[in-house]
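Fold and geometry: a report
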Amino acid sequence: HALCDQLAAELIAFWAEEENAYGTWAASGEIDIVEARNLGGTGGNTIFGGIVYGGSWPNQVGSGENYLVATNVTTGFHVYALEWDVAEIRWYVDGTLFAVRNSWSSTGGAFPAPFDRPFYVLFNVAVGGNYPGSPTSATVFPVTMEVDYVRVYSGAP
């Protein structure tokens, strides 16, 4: 469960990366499990899930989906889930499938690279930058991200 309490000019993210086995970012891949951009500003209840892959910056490729969550994502907890196997990645919110990816590449290796290795998980709140934009006089601080729990399951025998 994650509760995102934010106003304009913030990006709250739950994501995963690999240790550069196929090259520097993004040849080794990035998985955006959920991104919530400017929920209290222009983003409403829209979240994003996707992948970044291909070559090292600036030759990366991004692919993902926006999803309008039915209930307020800033005032209640929601379950964000990712199912990931060797040939497909699936994104869910509150049990609803909202994105599927099963085609990607890396300049550092053949498919299913770069999403064929263990990744580490990150949580962050970003203020400013390309995605959320610069803070304004309407930006409220402090910003919080509350996480009730994180579970990682393995399908390996």
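The structure we're discussing is the one just above.
Residues numbered from 1 in each chain as written. Predicted model: local features only at pLDDT ≥ 70, side-chain atom pairs only at ≥ 80, totals over all residues. Heavy atoms only, no water.

The biggest cluster of nonpolar side chains holds 19 residues, and the ones touching the most others in it are I31, I47, I51, I89, W91 and F115. If you list the elements that add at least two residues to this core, you get β2 (10-17), β3 (30-37), β4 (46-54), β7 (88-93) and β8 (96-101). Apart from the residues within four sequence positions on either side, I31 is in contact with W15, A16, G50, I51, L82, W84, I89, W91, F115 and F119. (Core = buried A, V, L, I, M, F, W, Y, C linked by side-chain atoms within 4.5 Å. Buried < 20%, exposed > 50% of the residue type's maximum accessible area, 1.4 Å probe, protein only. Helix = DSSP H or I, 4+ residues; strand = E, 2+ residues; numbered from the N terminus. Contact = heavy atoms within 4.5 Å.)

Take unusual backbone geometry next. With an omega of 10°, the peptide bond running from W25 to A26 counts as cis. The topology assignment puts A26 in the loop between β2 and β3. For the peptide bond that leads from W57 to P58, omega is 15°, which places it in the cis range. Tracing the backbone shows P58 in the loop between β4 and β5 (60-68). With a phi angle near 50°, D94 is a residue other than glycine that sits in the positive phi range. Within the secondary structure layout, D94 lies in the loop between β7 and β8. Overall, D94 belongs to the partly exposed group, its relative accessible area being 42%.

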